[in-house]
Amino acid sequence: MSSERYPFADIEKKWQERWARDGIYTSTVDASRPEFYCLEMFPYPSGRLHMGHVRNYSLGDVVARFFRMNGYNVLHPMGWDAFGLPAENAAIKRGIHPADWTNDNIAYMREQLKRLGVSYDWNREIATCSPDYYRWTQWLFLLFYKRGLAYKASSRVNWCPGCQTVLANEQVVDGECWRCHSQVQQKELEQWFLKITAYADRLLADLEKLPAWPERVKVMQQNWIGKSEGAEISFPVEGMDEKITVFTTRPDTLFGVTYMVLAPEHPLVEKLVAGRPEATRCREIAARSAPVTERERALQEKVGAPTGRYAVNPVNGERIPIWVANYVLMEYGTGAVMGVPAHDQRDFEFARQYGLPVRVVIRPEGLSSTPDPGQMEAAYEGPGIMVNSGSFDGLYSEDGKKHVVAWLEAHGVGRPQVQYRLRDWLISRQRYWGVPIPLVYCDRCGIVPVPEDDLPVLLPRDVDFRPGGPSPLARHQGFVSTTCPACGGPARRETDTMDTFVDSSWYFMRFASPHADRAPFEQDEVNYWLPVDQYIGGIEHAVMHLLYSRFFTKVLHDAGLVDFDEPFKALFTQGMVTLGGSAMSKSRGNIVDPDEIMDRYGADTARLFILFASPPERDLEWSERGVEGAYRFLNRVWRLAREFAEEYPNPDGARIVPERLSRRERDLRRKVHWTIKKVTDDIKERFSLNTAISAIMELVNDIYDFRQPGGNHAPTVSNGDGGARGGNSTGDGVAVLREAIESLVLLLAPFAPHITEELWQMLGKGASVHLQPWPSYDAEAAKAEEITVVIQVNGKVRDRVTVPQDIDEDALKEIALGRDKARAFIGQKAVRQVFVVPGKLVNIVTDA
RNA sequence: GCCGGAGUGGCGGAAUGGCAGACGCUGGAGACUUAAAAUCUUCUGCCAGAAAUGGCGUGCGGGUUCGAGUCCCGCCUCCGGCACCA
């Protein structure tokens, strides 16, 4: 055996050019074949690929190539999420125009992807910053606008001082900007929103339609949407023609209300306190809460003050003091709550702090008497029997909820209500490098949408990037001043651009018809390819991108533009690539550069290592030694196949006649077919690419054993002792070896596309290995002749015995009981029972 | 606090309730070589033993079972999501 190293650089370059020339990965609609849409999350063109990209795209490529070889018409496209802040920051810092910076990065990263050998249909490449694309993003925005799903409103929004723009709720993580980690501030601003809350219920309910999504992603979306069911209840304000409406999940505790609380910024506060001595203190609380984010507020001490006003409990006419307190959020529910200290921990703490009364109205189950409020150390939030609740006394609280709501509804003072934590999606950004919102402000006509025929509203190139002040677009007179599409009079353009997540909320549809110029996509094409059959990407998009995309898909579905209402049938979230235990990042300085790895070992090695080192959903620790192992393996495959091809250059050799094969030949053949089944199942059923690769490695090890003349290492599935006949000089042996090596190359092709292509050609086979049918599994050949059965005594393994595969239970039992080792452990004890698991083991159970 | 996931050799990791540690890395020994590298062969969970072999072993404590890494109950630790959401 030689120690030759294979020339990966030449091979990889050669085949990449050949594939591109022959267009073997281009796809078109073909109704005669099943389709498969395999998609990986497209990257932001930040400069160069990182290992996370390599992992993501290697995973996707295995899936795409596997389904292609299995006869599917595969769509596997790639593009660029090309709008975003880093481009603009580069412009500010280094004076490079964002468009140039972005296009340079795309050009470089495209070459890197090609170098990795990913089987994309490059004819479908898209970039969200291209006018051909963002024209349709604008068109979709107008569709939302016309359907009442895009609106402008003034509200308290998250402002990132670092990025100098507002952010969506989803983009604030632990009170910080998800991109630059600045402390986010609160500002009252007029902004554009998309009405995702109108779809909250469907976004939640339809998670059930996604069995092939990871549980944790669905749970994250569930948490984010945050549905809670309860009631809205109105309390009239004493002596005023006003009422306070609260949302509660506990209408069963309505008799336990001992105070009301308004959020400090609640519009009613001013009316209640105007001209009263309590006004000063209430306004103080409001002023202190105003600039603070919700998160910081959660950490603050509870502070409140009475307004001096009273409300009336509609259920029993009781007078209840109205307070203002910082623990009530204006953004959730109605901005007002009823205080039930006995059955809500927050209310309990607040009541204790300010000496408000506590009244128990739920008796915990199993308790014979009602707890004494003075003795309570915490609120009782569980269910129980209603007490001190008038005609509702004695009801179980869960049933009581319905009865109380029915009573309220009958008296016109309440109704059932569902609340969501989800807020509408704020999409305005005060930045340049994004899609202009296609609207015009006219003093006469108000807000006027730009007519579809005038799209796209082009982003001007000549803008002023100096930081500070209004956004570059707002400073660009040529952009701002326009004429009103309705009346022709002078008008101003909207200068906000859209959140880049709008761009990525529909790109997977554009791939179906990337060149369509009369619509965002052709309907027949989008309905042929979509939904995406397998979507692959990072967990960091569990809420943002994946929720927004689901929302877009549902709106487009309702508008009759697409047939499907969920975009991604199956989702796979890959783990991070780490070095030294933490994510690779520039600031940590623990980067491994994909280019460097490809220079040293080639793309196939890089791909193979990253797929082998860890199960795809788990984090992967980078290991230089591991990379070398992958490289060593590919060299082993190379030498094996090349030497065989040299020895037996003519591929039309003897056919395999199973009855004529020697024991060794049958054993190898069994391993080949076992491997085919294992690799197929691992890819298709389990996404277990690391074990698929290990199975291929086992096959290679066994082929090496087979070739070794004196070798007596039987293939591991055979359980046999190999047999005396060495070598493979017979025609049968060559045929078996050929089958093994050809199968090996085919099975390895999705993982290591270049080396397998070269070997396939070397073996004298015809067209591209990637266009070959996936090897089929022969159950007959895979069947074991002999099996090793474990013999246990009282559950402990004491012996092993090799028996014919089809031995019957009784015979096996006899053999087991007759074994010397088994008898030694049985000793004088009586055999009570013998368990036989066919093909696996015998367990002899004795008396103690 | 609520929800989700994970915990297995020196390391990455494998195991439809049925041989724990496949495969790879690391390390040891040998072959080839003037030598080294590469390659090939072989061993490599822990303890005892010269060996045969025996005992122990999947975060901890219980349980179900002929048999548990796997199922059930109760904990611990780590990772992630949500959290003053009424």
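These notes cover the structure that comes with them. In this text, all values refer to a predicted model and were calculated from it rather than measured experimentally. Sequence order as written defines the numbering, with residues in each chain counted from 1. In the order they appear in the text, chains get letters beginning with A and ligands get numbers beginning with 1. Totals for whole chains, interfaces and linings use every residue, but because this is a predicted model, local features are given only for residues with pLDDT of at least 70 and side-chain atom pairs only at 80 or more, for both listing and counting. The basis for every side-chain value is the complete set of heavy atoms in the structure, and neither hydrogens nor water enter the calculation.

1. Points about the overall build of chain A
In step 1: A count of helices and strands for chain A gives 27 helices and 34 strands.
In step 2: If you line up chain A on its principal axes, its C-alpha atoms span 105 × 85 × 50 Å.
In step 3: For chain A, with 848 residues in total, the buried portion stands at 56%.
In step 4: A separation threshold of at least 6 residues defines the contact pool for chain A, and within that pool the share at least 24 residues apart is 72%. The numbering of helices and of strands both runs from the N terminus, where a helix is a DSSP run of H or I of at least 4 residues and a strand a run of E of at least 2. Any residue under 20% of the maximum accessible area for its type is buried, any over 50% is exposed, and the rest in between are partly exposed; the area is computed with a 1.4 Å probe on protein chains only. Whether two residues are in contact is decided by their heavy atoms: any pair within 4.5 Å suffices.

2. Focus: the environment of Pro567
In step 1: Within the fold, Pro567 resides in the loop between helix H17 (544-558) and strand S27 (571-574).
In step 2: A residue is classified by how much of its surface remains accessible, and Pro567, at 0% relative accessible area, is buried.
In step 3: Through-space distance from the C-alpha of Pro567 to that of Asp533 is 8.9 Å; in sequence the pair is 34 residues apart.
In step 4: Apart from the residues lying within four places of it in its own chain, the contact partners of Pro567 are Phe508, Pro531, Val532, Ser549, Arg550 and Thr553.

3. Examining the pattern of salt bridges
In step 1: Between Lys or Arg on one side and Asp or Glu on the other, a salt bridge is scored when a side-chain nitrogen of the former is within 4 Å of a carboxyl oxygen of the latter. Applying the stated criterion across every chain, the model contains 61 salt bridges.
In step 2: Lys13 serves as the salt-bridge partner of Glu17, at 3.0 Å between the closest nitrogen and oxygen. Here the residue Glu17 and the residue Lys13 both occupy positions in helix H1 (residues 8-22), the gap between them amounting to four residues, near one helical turn.
In step 3: Among the residues examined, Lys13 registers a relative accessible area of 51% and is labelled exposed.
In step 4: When the shortest N-O distance is used, the salt bridge between Asp667 and Arg663 registers 3.2 Å. You can see Asp667 and its partner Arg663 sitting in helix H21 (residues 663-684), four residues apart, about one turn around the helix. When sorted by exposure, Asp667 lands in the same class as Arg663, which is buried.
In step 5: Each of Asp206, Lys209, Arg550, Lys554, Asp565 and Glu566 takes part in one network of salt bridges that share partners.

4. Points about the environment of Asp393
In step 1: Of note, Asp393 is situated in the loop between strand S17 (384-386) and helix H12 (397-410).
In step 2: The exposure class assigned to Asp393 is partly exposed, which follows from its relative accessible area of 41%.
In step 3: C-alpha of Asp393 to C-alpha of Val361: the two residues are 32 residues apart in sequence and 8.8 Å apart in space.
In step 4: Once you skip the residues sitting within four places of it in the chain, Asp393 turns out to touch Met386, Val387 and Asn388.
In step 5: In protein, a polar contact means a hydrogen-donor-capable atom and an acceptor-capable atom, both N or O and within 3.5 Å, with residues adjacent in sequence counting only if both atoms are side-chain atoms; elsewhere, any N or O pair within 3.5 Å suffices. Engagement of the side chain of Asp393 in a polar contact is seen with the backbone nitrogen of Asn388, the distance being 3.1 Å.

5. Focus on the protein's contact with RNA strand B
In step 1: In these notes, residues near a molecule or strand are those with any non-hydrogen atom within 4 Å of it. Residues in contact with RNA strand B amount to 60 residues; listed here are only the nearest, Thr249, Tyr332, Arg346, Arg421 and Ala613.
In step 2: Between Arg618 and RNA strand B, the recorded distance is 3.4 Å, taken from a side-chain N or O atom to a phosphate oxygen.
In step 3: At 2.8 Å from a sugar or linking oxygen of RNA strand B is found a side-chain nitrogen or oxygen belonging to Glu698.
In step 4: Residue contributions to the surface near RNA strand B peak at seven residues, all from helix H22 (residues 689-707).
In step 5: Across the surface near RNA strand B, the residue classes tally to 23 nonpolar, 17 polar and 20 charged. Each residue is assigned to one class: nonpolar for Ala, Val, Leu, Ile, Met, Phe, Trp, Tyr, Cys and Pro, charged for Asp, Glu, Lys and Arg, and polar for all the others, Gly among them.

6. Considerations on the packing of helix H23 (residues 731-748) against helix H24 (residues 753-762)
In step 1: Orientation is described by axes fitted as lines to C-alpha atoms, over the contacting stretch for helices, and by angles from 0 to 180 degrees between their N-to-C directions. The geometry of H23 relative to H24 is characterised by a closest axis approach of 9 Å and an angle of 150 degrees between their N-to-C directions. The angle between H23 and H24 falls in the class roughly antiparallel. As for how H23 packs across H24, the hand of that crossing is left-handed. Residues Glu742, Val745, Leu746 and Leu748 of H23 form the contact with H24, whose own contacting residues are Thr756, Leu759 and Trp760.
In step 2: When grouped by side-chain class, the residues that make up the contact of H23 with H24 number five nonpolar, one polar and one charged. Should an angle fall under 35 degrees it is called roughly parallel, over 145 degrees roughly antiparallel, and 65 to 115 degrees roughly perpendicular, with every other angle called oblique. What makes a crossing left-handed is the near helix being turned counterclockwise from the far one by less than a right angle; a clockwise turn instead makes it right-handed.

7. Observations regarding the sheet that holds strand S10 (residues 227-236)
In step 1: Across the sheet, which stays open at both edges, the three strands sit in the order S11-S10-S18 with antiparallel pairing between neighbours. The sheet is open, and its two edges are formed by strand S11 (243-248) and strand S18 (414-420), each paired on a single side. Pairwise comparison of adjacent strand axes, ignoring direction, gives a mean angle of 30 degrees for this sheet.
In step 2: Here, any two strands with at least 2 DSSP bridges between them count as paired. When S10 meets S11, the two strands line up antiparallel, connected through six bridges. Pairing of Glu232 across the sheet is with Phe247, part of S11.
In step 3: Relative to S18, H12 is tilted by about 120 degrees, and along the sheet it contacts S10 and S18.

8. Remarks on the packing of aromatic side chains
In step 1: Two aromatic rings from Phe, Tyr or Trp, using only the six-membered ring of Trp, form a pair when their centres are within 6.5 Å; if the ring planes differ by under 30 degrees the pair is stacked, by over 60 it is edge-to-face, and anything between is tilted. Taken as a whole and assessed by the stated rule, the structure comprises 47 aromatic pairs.
In step 2: Relative to Phe67, the ring of Phe36 lies with its centre 3.7 Å away and its plane at 10 degrees, an arrangement referred to as stacked. Note that Phe36 is positioned in strand S1 (residues 35-40) and Phe67 in helix H2 (residues 51-69), a separation of 31 residues in sequence.
In step 3: Phe67 gets classed as buried once you look at its relative accessible area, which sits at 12%.
In step 4: Connected via pairs of aromatic rings, a cluster forms that spans Phe144, Trp178, Tyr199, Trp425, Phe501, Tyr548, Phe551 and Phe552.
In step 5: A cation over a ring is seen here: Arg493 above Phe479, with NZ or CZ 5.7 Å from the ring centre. Our definition puts a charge over a ring when NZ of Lys or CZ of Arg is within 6 Å of the ring centre and also within 35 degrees of the ring normal.

9. As for helix H7 (residues 215-225)
In step 1: For H7, every residue scored as buried is listed here: Val217, Lys218, Gln221 and Ile225. Taken down its axis, H7 places every buried residue within 100 degrees of arc, on the same side. Among the exposed residues of H7, those pointing more than 90 degrees away from its buried face are Glu215 and Asn223.
In step 2: On the buried face of H7, the contacting elements are helix H6 (200-205), S10, S18, H17 and S27.
In step 3: Backbone geometry just downstream of H7 places Gly226 in the positive-phi region, at approximately 55 degrees. Think of the arc as the fan of directions from the helix axis to the C-beta atoms.

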